[in-house]
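Residue-level listing of the chains:
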Amino acid sequence: MSEEFKIIIPARYDSSRFPGKPLADIHGKPMIQRVYEAAVDSGAEEVIVATDSPKIGMAAEDFGATVCMTLEEHNTGTDRLIEVVDKMEWGDETIVVNLQGDEPLTPPAIINQVATNLLRHEEADCATLYSDLDTDDANDPNIVKLVTDANGFAMYFSRSVIPYVRDTDDATLNNLKYKRHIGLYAYKVGLLRVLRHMSPCEIEKAEKLEQLRLMWHGMKIHAAKAASIPGHGVDTPEDLERVRAAIAPSY
């Protein structure tokens, strides 16, 4: 079986909390370049930066990336992915990893891992990852939790604590491990083309979790424990300072 895969990096200039963040400097390189370099190091056969911003497009071309200019009106990064795969005319069995342009601390190993997991589980429509979650953090609605079945397929994702422990004095549950979802996905291109026609469902709207739309419509999501834990993503200028502190200057 071929283990080739591609990566698309959606990158928007406009952001309510941090406009222009893909171009934010991290020790002499724009953040989007740090993300691109992690993508290249993962072993992908092709990496594309997908953006609606000429500024981001020019910056990406300057450091050697392939750029696909996309429409401004996309509501989600997934919509941007769908436009790219159509423009590239990739076949339905092509594996594409969606790597967000504000995740410069993503280990290349887990990018490869999520793509390989999808390739090796033919019954899966897409694949994702998780890490262990401390019990003290399980009630945080900002942390997405999931439960999986015996074969490693997701049963549900939620902002609520799942599974809920009814009998807290049950000694058999002392070692219960909650799962924190890591928002890194590998898709089959055929699924992306079908996704555009899938209507949002009530549980997706309630939880504000797009992956629940896939499950509602019968798609199977493989979920595995990540081989390593990604560092902090960048949503705010404060996050950027944390990332700068985590990356050693190259001078």
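Our subject is the structure that appears above.
Bear in mind that the values here come from a model prediction, so they are computed numbers and not experimental data.

Q: Hey, could you run me through helix α8 (residues 237–246) in this one?
A: An α-helical turn contains 3.6 residues, so a residue and the one three or four places further along point in the same direction. Of all the residues in α8, the buried ones are Asp 239, Leu 240 and Val 243. Buried residues of α8 fall within an arc of 105° about the axis and therefore sit on the same side. Structural note: α8 exposes Glu 238 and Ala 245 on the side pointing more than 90 degrees away from its buried face. In this structure, the buried residues of α8 make contact with β2 (25–26).

Q: Which parts of the structure should I look at to understand the environment of Arg 12?
A: Position of Arg 12 relative to the elements: it lies in the loop between β1 (6–11) and β2. Taking the C-alpha atoms as reference, Arg 12 lies 7.3 Å from Pro 22; in sequence the two are 10 residues apart. There is a polar contact of 2.7 Å between the side chain of Arg 12 and the backbone oxygen of Asp 14.

Q: Honestly, the nonpolar core in this entry has me stumped. Any pointers?
A: In summary, soluble globular proteins display a tendency toward joint burial of nonpolar side chains. The biggest cluster of nonpolar side chains holds 33 residues, and the ones touching the most others in it are Ile 7, Ile 9, Val 97 and Leu 184. Within the residue set of this core, elements represented by two or more residues are β1, α1 (31–41), β4 (46–51), α2 (54–62), β6 (95–98), α4 (108–120), β7 (126–133) and β10 (178–188). Considering every element that reaches this core, the biggest residue donor is α4, with six residues. Residues in contact with Leu 184, not counting those within four places in the same chain, are Val 97, Asn 98, Leu 99, Ile 110, Ile 111, Val 114, Ala 127, Thr 128 and Leu 129. If you look at the next biggest cluster of nonpolar residues, it comprises 28 residues, including Val 96, Cys 126, Phe 157 and Leu 212.

Q: Sorry, what's going on with unusual backbone geometry here?
A: Across residues other than glycine, the phi torsion is negative in most instances, and most of the peptide bonds are trans. A cis geometry characterises the amide bond from Ile 162 onward to Pro 163, with omega recorded as -5°. Tracing the backbone through its elements, the reader meets Pro 163 in the loop between β9 (154–158) and β10. Of note, His 27 is a non-glycine position whose phi angle comes to about 50°, a positive value. With respect to the secondary-structure elements, His 27 resides in the loop between β2 and β3 (29–30). For Lys 208, which is not glycine, the phi torsion reads 60° and is therefore positive. For Lys 208, the position within the fold is in the loop between α6 (202–207) and α7 (211–216). For Lys 208, a relative accessible area of 61% translates into the label exposed.

Q: What is the right way to read α1 from this model?
A: With eight of 11 residues buried, α1 is to be regarded as a mostly interior element. Within α1, burial applies to Met 31, Ile 32, Gln 33, Arg 34, Val 35, Tyr 36, Ala 38 and Ala 39. Taken together, the buried residues of α1 touch β1, β2, β3, β4 and α4. One or two residues past the end of α1 sits Gly 43, with phi positive at roughly 95°.

So, how was this worked out
- Residues numbered from 1 in each chain as written.
- Predicted model: local features only at pLDDT ≥ 70, side-chain atom pairs only at ≥ 80, totals over all residues.
- Heavy atoms only, no water.
- Buried < 20%, exposed > 50% of the residue type's maximum accessible area, 1.4 Å probe, protein only.
- Helix = DSSP H or I, 4+ residues; strand = E, 2+ residues; numbered from the N terminus.
- Arc of directions from axis to C-beta.
- Contact = heavy atoms within 4.5 Å.
- Polar contact = N/O pair within 3.5 Å; in protein donor to acceptor, adjacent residues only side chain to side chain.
- Core = buried A, V, L, I, M, F, W, Y, C linked by side-chain atoms within 4.5 Å.

Honestly, that's just the spatial picture; any functional story needs more than this.
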